[in-house]
Protein chains: 2
Amino acid sequence: MSETTTSEAPAFRPLYQQVRDTLVRRLIVGSWTPGMMLPSEFQLASELGVSQGTVRKALDAMTAEHLLLRRQGRGTFVALPEEGRILFKFFRLVADGGERLFPQSRVLGRVKARASAADREQLGLAKGADVWRIDRVRHLGEAPVISERITLPVARFEALGQMADIPNNVYALYSEVFGITIGKAAEKLKAAIADATLAERLGCETGHPVLSIERLALALDDTPVEHRISFCLTDSFHYRSDL
Amino acid sequence: MSETTTSEAPAFRPLYQQVRDTLVRRLIVGSWTPGMMLPSEFQLASELGVSQGTVRKALDAMTAEHLLLRRQGRGTFVALPEEGRILFKFFRLVADGGERLFPQSRVLGRVKARASAADREQLGLAKGADVWRIDRVRHLGEAPVISERITLPVARFEALGQMADIPNNVYALYSEVFGITIGKAAEKLKAAIADATLAERLGCETGHPVLSIERLALALDDTPVEHRISFCLTDSFHYRSDL
DNA sequence: CAGTGGTCTAGACCACATA
DNA sequence: ATGTGGTCTAGACCACTGG
């Protein structure tokens, strides 16, 4: 997708991609908000001075990125973070039987701290920047299955300090309260061993194998927004990856 | 394009999808083989009695599935299993530094066996069917990193018994020797602990955490072809997943 | 019914690769 | 120069949704 142009001419960006970019910008700046219905293809086409087919290509591309939702006969809508399929786009833990449960979360702590060198590297922050750290345990059904720490730049999430509590679905929170939409994420998976505190949180023995998942989530403009490290019990659940 | 109405619920498959299906069939039956150049869009269009734009949509869909490779000014080609990017589509293990090495394999054993109940379930085989079991260790750089067992239905891979040895890239083998192209795969990841034999194969201690990856690979017609279970050391490598 | 997205066509022109 | 895929347009018609 992304063209690593060395340094040269305007490089020729197709019209439909330019259209896509201007429409994505409307999502970023918030003039189009989740759930909202977009103007029809013909309206957008005449507004932007391109043909309806070109607008369609742009809308199709954004739909493929899960930014929009199109329904024949109804219209084109800005995707909601809660939309079932979108939600599971970022939650890959599945019961071995196949059922896809959605986790309940219990927050253990939420503190403001100075960003470590690693935090600054991952989140692209300047020296001296602050971050939020949220620790929580997530349950699938009855049992605790995930223990995780979420790291967020305070600069983009000032008001987090004034919130009574952190909701279960933080990506909906980022979107609705802070106007930040997570577009994609990259995860690094490793096998590890539960230490004493992790074992206590998850109700397993020290030394039990756990799946560690390190995630970096990016906003629509590809800037890093959230860093997260999760430790999961995979005795009756697994991480599903489709290739 | 004939409108094969089957008197049932679906009743209306878009023309470009019908075109895609007939073209995919040419890949399945082998009248188009990897590396081959396809006729031009206009030739296909006139042959199939549809417009060039409709052929284009079908070709674009197949390109998105990594079945074809299109290059402006050159033509449209059947994708090779060795194509760099395609190869890494199915190999997600990355060095922590970021380099993507490709593994070297050492085969430990290759035996024919009666399919277990689990094998039959996963591969869709009848009672009494036979399977091949291939055990191998894979190295990334110097050190052994993966120990895996591949299970294949003998019915689809008869000639495997006569082969002197198993090449490193088995998906290229399936394609070139058996005419079977792997289109997609689903993986289930868990954390586990190395037992004595695994520890010996990977050169780690018994009890060391390992990432277990269970994969079911499907052919272009969505029939299961290969079942594989891999155990990976993730001390200096990780499994990368993009969401 | 009117309005939306979805499909299909036809033709023009652009960008790229090769001979 | 020729042939390829890539883009863009314009228009017609189909399929679905909701009043």
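Bear in mind that the values here come from a model prediction, so they are computed numbers and not experimental data.

Participant: Sorry if this is basic, but what is going on with the protein's contact with DNA strand C here?
Facilitator: Looking at DNA strand C, there are 19 residues lining it, with Arg56(A), Leu15(B), Ser51(B), Thr54(B) and Gln72(B) nearest. Arg56(A) is positioned with one of its side-chain polar atoms (N or O) 2.9 Å from a base nitrogen of DNA strand C. Note that a phosphate oxygen of DNA strand C is positioned 2.2 Å from one of the backbone N or O atoms of Leu15(B). Every element with two or more residues in the surface near DNA strand C is listed here: β1 (68-71) and β2 (75-78) of chain A together with α1 (15-29) and α3 (52-64) of chain B.

Participant: When you look at the sheet that holds strand β4 (residues 104-114) of chain B in this model, what are you seeing that I'm missing?
Facilitator: The strands making up a sheet are joined through hydrogen bonds of the backbone, oriented either antiparallel or parallel. The 8 strands lie next to each other as β3(A)-β10(A)-β7(B)-β8(B)-β9(B)-β6(B)-β5(B)-β4(B), forming an open sheet whose pairing is antiparallel. Either end of the sheet is taken by a strand with one partner, and the two such strands are β3 (93-95) of chain A together with β4 of chain B. For this sheet, the mean inter-axis angle between neighbouring strands, taken without regard to orientation, is 25 degrees. Along the sheet, helix α6 (residues 170-178) of chain B makes contact with β5 (130-140), β6 (143-153), β7 (182-193), β8 (209-219) and β9 (224-232) of chain B, crossing β9(B) at roughly 165 degrees.

Participant: Would you mind going over the relation of the copies chain A and chain B with me for this structure?
Facilitator: Two copies of the chain are present, and they differ by a rotation about an axis and a shift along that axis. Mapping chain A onto chain B calls for a rotation angle of 180 degrees and an axial translation of 0.0 Å; the resulting RMSD is 0.1 Å. Interpreted geometrically, this transformation is the action of a two-fold axis. Distance from the rotation axis, computed per C-alpha, reaches its smallest value in chain A at Ala191(A): 2.6 Å. Residue by residue, 100% of the interface of chain A is reproduced at the interface of chain B, so both copies engage with the same surface.

Participant: Would you mind showing me how to read the domain arrangement of chain A here?
Facilitator: By convention, interface size is frequently given as the accessible area that disappears when the constituent parts associate. Residues and elements named next belong to chain A. Per the domain assignment, the segments making up chain A are domain 1 (15-78) and domain 2 (84-239). Computed from C-alpha coordinates alone, the two centres of domain 1 and domain 2 are separated by 31 Å. Contacts between domain 1 and domain 2 engage 7 residues on the former and 6 residues on the latter. Buried area between domain 1 and domain 2, summed over both chains or domains, comes out near 540 Å², and the portion from carbon and sulfur atoms is 69%. Per-residue buried area on domain 1 facing domain 2 is highest for Ile 28, His 66 and Leu 67; these three make up 65% of the total on that side. Taken together, the links from domain 1 to domain 2 amount to 0 salt bridges.

Participant: Help me understand the protein's contact with DNA strand D in this model?
Facilitator: Surveying the vicinity of DNA strand D reveals 19 residues, the closest of which are Leu15(A), Thr54(A), Gln72(A), Arg56(B) and Gly73(B). Put simply, 76% of the atoms of DNA strand D that lie within 4 Å of the protein are in sugar or phosphate. Contacts to DNA strand D include Glu41(B), whose backbone N or O atom sits 3.2 Å from a phosphate oxygen. In this structure, a base nitrogen belonging to DNA strand D sits 2.9 Å away from a main-chain N or O atom of Gly73(B).

Participant: Hey, could you run me through unusual backbone geometry in this one?
Facilitator: Peptide bonds are trans in most cases, and residues, glycine excluded, mostly fall at negative phi. The phi torsion at Asp222(A) lies on the positive side, around 70 degrees, for a residue other than glycine. Within the secondary structure, Asp222(A) is located in the loop between β8 (209-219) and β9 (224-232). By relative accessible area, Asp222(A) is classed as partly exposed at 43%. Even without glycine at this site, His66(B) takes up a positive phi of about 65 degrees. Residue position: His66(B) is located in the loop between α3 and β1 (68-71). On the basis of relative accessible area, His66(B) is assigned to the partly exposed category, the value being 39%.

Participant: Help me understand the environment of Leu59(A) in this model?
Facilitator: All names here are of chain A. By the element assignment, Leu 59 lies in helix α3 (residues 52-64). Its relative accessible area of 1% is what places Leu 59 among the buried residues. Sequence-wise, Leu 59 and Arg 20 are 39 residues apart; in three dimensions their C-alpha atoms are separated by 7.0 Å. Apart from the residues lying within four places of it in its own chain, the contact partners of Leu 59 are Leu 23, Leu 38, Glu 41, Leu 44, Leu 68 and Arg 70.

Participant: What is the right way to look at the environment of Lys112(A) in this model?
Facilitator: Residues and elements named next belong to chain A. Within the secondary structure, Lys 112 is located in strand β4 (residues 104-114). With 111 residues separating them in the primary sequence, Lys 112 and Thr 223 have C-alpha atoms 21 Å apart. Setting aside residues no more than four positions away along its own chain, Lys 112 makes contact with Asp 130, Val 131, Trp 132 and Val 154.

Participant: When you look at the sheet that holds strand β5 (residues 130-140) of chain A in this model, what are you seeing that I'm missing?
Facilitator: An order of β4(A)-β5(A)-β6(A)-β9(A)-β8(A)-β7(A)-β10(B)-β3(B) is seen for the 8 strands of this open sheet, with the pairing classed as antiparallel. The sheet is open, and its two borders are formed by β4 of chain A together with β3 (93-95) of chain B, each paired with just one other strand. Direction aside, the axes of adjacent strands within the sheet are offset by 25 degrees on average. Pairing between strand β7 (residues 182-193) of chain A and strand β10 (residues 237-242) of chain B: 4 bridges, direction antiparallel. Counterpart to Lys188(A) in the pairing with β10(B) is Arg240(B). Together, β5, β6 (143-153), β7, β8 and β9 of chain A form the strand contacts of helix α6 (residues 170-178) of chain A, whose direction differs from that of β9(A) by roughly 165 degrees.

Participant: Sorry, what's going on with the packing of helix α2 (residues 41-48) of chain A against α3(A) here?
Facilitator: A pair of packed helices can be characterised by two numbers: the angle between their axes and the separation between those axes. Residue and element names in this part refer to chain A. Running from N to C, α2 and α3 cross one another at 110 degrees; their axes reach a closest spacing of 8 Å. In terms of orientation, α2 lies roughly perpendicular with respect to α3. Along its contact with α2, which presents Glu 41, Phe 42, Leu 44 and Ala 45, the element α3 presents Gln 52, Val 55, Arg 56 and Leu 59.

Participant: Would you mind going over the interface of chain A and chain B with me for this structure?
Facilitator: Between chain A and chain B, the residue contacts involve 29 residues of the former and 29 residues of the latter. Carbon and sulfur atoms make up 59% of the surface buried where chain A meets chain B, a total of about 2300 Å² over both sides. Linking chain A with chain B are 2 salt bridges, by the criterion used here. Going through the elements one at a time, β7, β8 and β10 (237-242) of chain A are the ones with two or more residues in the side of chain A that touches chain B. A per-element tally of the side of chain A that touches chain B places β7(A) first, with 10 residues. A breakdown of the residues in the side of chain A that touches chain B according to their chemical character gives 13 nonpolar, 5 polar and 11 charged.

Procedures and definitions
Residues numbered from 1 in each chain as written. Chains lettered and ligands numbered in written order. Predicted model: local features only at pLDDT ≥ 70, side-chain atom pairs only at ≥ 80, totals over all residues. Heavy atoms only, no water. Near = heavy atom within 4 Å. Polar contact = N/O pair within 3.5 Å; in protein donor to acceptor, adjacent residues only side chain to side chain. Helix = DSSP H or I, 4+ residues; strand = E, 2+ residues; numbered from the N terminus. Pairing = 2+ DSSP bridges. Axes fitted to C-alpha atoms, helices over the stretch in contact; angles between N-to-C directions. Contact = heavy atoms within 4.5 Å. Least-squares fit on C-alpha atoms with pLDDT ≥ 70 in both. Domains from an automatic or database assignment. Buried area = accessible area lost by both parts, 1.4 Å probe. Salt bridge = Lys/Arg side-chain N within 4 Å of Asp/Glu carboxyl O. Buried < 20%, exposed > 50% of the residue type's maximum accessible area, 1.4 Å probe, protein only. Parallel < 35°, antiparallel > 145°, perpendicular 65-115°, else oblique. Nonpolar A, V, L, I, M, F, W, Y, C, P; charged D, E, K, R; others polar.

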